[in-house]
Amino acid sequence: MNNDRTAPEPQASGRTARTGVWFVGARGSVATTAVAGCAAVAATLHPPTGMVTETPPFDGTGLPPLASLVFGGHDTTHCPLPKRAEHLTDAGVLPHGLAPAVRAELQAADEEIRLGGPLPNDPRSDEELIADFAADLTSFRARNALARMVVVNVSSTEPLPAPDAVRLPPSSLYAAAALRAGCPYVNFTPSTGLRTPALTDAAAAGGLPHAGRDGKTGQTLLRAVLAPMFVQRALHVQAWSGTNLLGGGDGAALADPGAAAAKNAGKERVLAETLGHTPQGEVHIDDVPVLGDWKTAWDHIAFEGFLGSRMILQTIWQGCDSALAAPLVLDLARLVARAHEAGLTGPLPELGFYFKDPDAGPSGLSEQFTALLSFADRLREAQ
């Protein structure tokens with residue numbers, strides 16, 4: 001594989017420069033909610049609820065303003081973003097009246113979406129696909145006079161590749177294209193992305209920041225809070241079982257056992273690392289199409305207390321996955337773009353706060369938040 005990358009050609013500079021956000025899965029629920037939400041918050045139509053980067057600890061860090069973000073992306077579907085936003089409104093994901101209020105921004109982003117791949121019976125080789133994707137990225141940057149851009153994978157979960165696979169999985173093709181085009185990369189999915197030996201050298205040589213993987217939006221977020229509690233109170237967790245009910249594109253994708261296994265690996269990691277052992281129990285994922293973008297997660301925790309007392313904690317998490325993910329995606333795009341501007345390279349473990357399966361660092365949410373705040377200080381000092 002040719003790992004030469006096209007050097008970035010910034011067309012603007014300063015805090016008012018425009019920053020590109022290129023979504024892989026650009027017509028999906030998360031990307032649509034992020035584009036609509038960014039426009040709504042930038043226009044003060046809605047508060048930035050859920051956006052950590054809009055809280056006081058991030059003042060003065062030089063993050064690109066929300067109004068400066070320009071969106072585009074790859075997708076293999078053809079439903080225009082304004083129509084997708086209407087569907088999300090009907091499903092209760094977006095508030096009534098928002099889609100028409102930000103239609104111009106949705107339409108502008110939709111015009112920057114290019115056909116992804118590989119498509120069924122696609123004749124292109126991996127090298128040809130990477131070259132085509134990278135050309136889309138560099139064209140987007142030049143066309144919009146962007147100072148820099150970040151590629152964010154928010155597509156459906158793909159199964160883990162077989163050990164003897166001769167082709168790269170789609171997520172890795174897009175990641176390779178990002179490297180070649182000189183773009184930082186964020187993997188918000190459990191898919192392989194940069195975590196393949198085929199891209200190890202290219203990622204190291206690229207001199208670009210990257211972060212991943214698998215956004216922590218619901219059940220694992222709660223696990224990252226509760227697991228340290230048991231450790232700190234010296235309570236032995238014996239079993240931790242969970243069930244997820246979800247619909248929409250994620251539900252359909254995760255009905256594939258291979259994709260579900262990739263998803264569950266990150267969910268289990270936080271328990272094993274925090275508790276120091278792997279408790280009994282599994283996570284089951286059920287596709288319930290009628291739920292759409294809404295999901296329910298149950299957890300059943302059996303733990304042992306003083307003198308061997310058996311105790312149980314049960315939790316129920318119900319939420320809208322797209323509305324949980326979109327503010328995190330916007331946070332990550334801004335943080336990684338600023339890291340690139342500040343000259344940071346390689347994996348960013350300080351962003352583990354956002355991921356189920358981060359590149360490195362602690363698993364507990366409190367420690368991860370402390371690391372994130374230290375990262376904010378680092379960005380502030382790089383002004």
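Residues numbered from 1 in each chain as written. Predicted model: local features only at pLDDT ≥ 70, side-chain atom pairs only at ≥ 80, totals over all residues. Heavy atoms only, no water.

### With respect to the sheet that holds strand β7 (residues 236-246)
The strands that make up a sheet are held in pairs by hydrogen bonds between backbone atoms, and each pair lies either parallel or antiparallel.
Then, in step 1: Sheet architecture is open: 4 strands sit in the order β8-β7-β9-β10, paired in mixed fashion. Pairing within the sheet leaves two strands with one partner each, and these edge strands are β8 (283-287) and β10 (310-320). Put simply, the sheet's adjacent strands are angled 10° from each other on average, direction ignored.
Then, in step 2: Bridge analysis of β7 against β8 gives 5 bridges, and the strand direction is parallel. Opposite Leu-245, over in β8, you have Asp-286 as the bridge partner.
Then, in step 3: Strand contacts of helix α8 (residues 219-232): β7, β8, β9 (294-304) and β10, with the helix running at about 170° to β7, the strand carrying the most contacts. (Pairing = 2+ DSSP bridges. Helix = DSSP H or I, 4+ residues; strand = E, 2+ residues; numbered from the N terminus. Axes fitted to C-alpha atoms, helices over the stretch in contact; angles between N-to-C directions. Contact = heavy atoms within 4.5 Å.)

### Let's talk about the confidence of the model for the protein
Then, in step 1: Of all residues in the protein, 91% attain a pLDDT of 70 or more, and the chain-wide mean is 91.
Then, in step 2: Contacts for the low-pLDDT stretch residues 1-15, under 50 throughout, to residues beyond four places or in other chains number 37 contacts. (pLDDT = per-residue confidence, 0-100.)

### So, the environment of Glu-273
Then, in step 1: When you line up the elements, Glu-273 lands in helix α10 (residues 257-275).
Then, in step 2: The exposure class assigned to Glu-273 is partly exposed, which follows from its relative accessible area of 42%.
Then, in step 3: Polar side-chain contacts of Glu-273 include one of 2.8 Å to the side chain of Arg-269. (Buried < 20%, exposed > 50% of the residue type's maximum accessible area, 1.4 Å probe, protein only. Polar contact = N/O pair within 3.5 Å; in protein donor to acceptor, adjacent residues only side chain to side chain.)

### A word on the sheet that holds strand β6 (residues 209-212)
Then, in step 1: With parallel pairing, the 7 strands of this open sheet are ordered in space as β3-β2-β1-β4-β5-β6-β11. At either end of the open sheet lies a strand with only one pairing partner, and these are β3 (113-115) and β11 (346-347).
Then, in step 2: As paired elements, strand β1 (residues 19-24) and strand β4 (residues 148-153) share 6 bridges and run parallel to each other. From the neighbouring strand, Phe-23 faces β4, where its bridge partner is Val-152.

### What to know about the nonpolar core
Then, in step 1: One finds Phe-23, Phe-71, Val-152, Trp-240, Leu-335, Leu-351 and Tyr-354 to be the most contacted residues of the largest nonpolar core, which totals 70 residues.
Then, in step 2: Ranked by residue count, the leading element in this core is helix α11 (residues 321-341), at 11 residues.
Then, in step 3: Filtering out sequence-adjacent residues up to four positions away, Leu-335 remains in contact with Thr-53, Phe-58, Leu-63, Leu-351, Tyr-354, Leu-372, Phe-375 and Leu-379.
Then, in step 4: Grouped together as the second largest cluster of nonpolar side chains are 28 residues, Val-24, Ile-130, Phe-140 and Leu-208 included. (Core = buried A, V, L, I, M, F, W, Y, C linked by side-chain atoms within 4.5 Å.)

### Details of the pattern of salt bridges
Then, in step 1: For the coordinates displayed, the defined rule picks out 20 salt bridges.
Then, in step 2: Between Arg-180 and Glu-127 there is a salt bridge, and its shortest N-O distance comes to 2.7 Å. Linking Arg-180 in helix α6 (residues 170-180) with Glu-127 in helix α5 (residues 126-143), this pair joins segments that are 53 residues apart in sequence.
Then, in step 3: Relative accessible area serves as the criterion here: at 9%, Arg-180 is assigned to the buried category. (Salt bridge = Lys/Arg side-chain N within 4 Å of Asp/Glu carboxyl O.)

### A closer look at the pairing of β4
Then, in step 1: Counting buried positions over the 6 residues of β4 gives 6, a clear majority of the element.
Then, in step 2: With burial as the criterion, each face of β4 is covered, one bearing Arg-148, Val-150 and Val-152 and the other bearing Met-149, Val-151 and Asn-153.
Then, in step 3: Across 3 bridges, β4 lies against strand β5 (residues 185-187) in parallel orientation. Residue pairing for β5: Val-151 is matched across the bridge by Tyr-185.
Then, in step 4: Crossover connection from β4 via α6 to parallel β5: handedness right-handed. (Right-handed = clockwise from strand over helix to strand, strands pointing away.)

### Structural notes on the environment of Ile-285
Then, in step 1: Here Ile-285 lies in strand β8.
Then, in step 2: In sequence terms Ile-285 and Arg-380 are 95 residues apart; their C-alpha atoms lie 41 Å from each other.

### Some details on the state of the cysteines
Then, in step 1: In this structure the tally under the stated criterion is 0 disulfides.
Then, in step 2: As a non-bridged cysteine, Cys-79 has Cys-320 as the owner of its nearest cysteine sulfur, 17 Å distant.
Then, in step 3: Cys-79 sits in the partly exposed class, given a relative accessible area of 24%.
Then, in step 4: Residue Cys-320 is classed as buried on the basis of its relative accessible area, which comes to 7%. (Disulfide = S-S within 2.5 Å.)

### Here's the deal with the side chain of Asn-144
Then, in step 1: On the secondary structure map, Asn-144 appears in the loop between α5 and β4.
Then, in step 2: Residue classification places Asn-144 among the buried residues on the basis of a relative accessible area of 11%.
Then, in step 3: A polar side-chain atom of Asn-144 sits 3.0 Å from the main-chain carbonyl oxygen of Phe-140.

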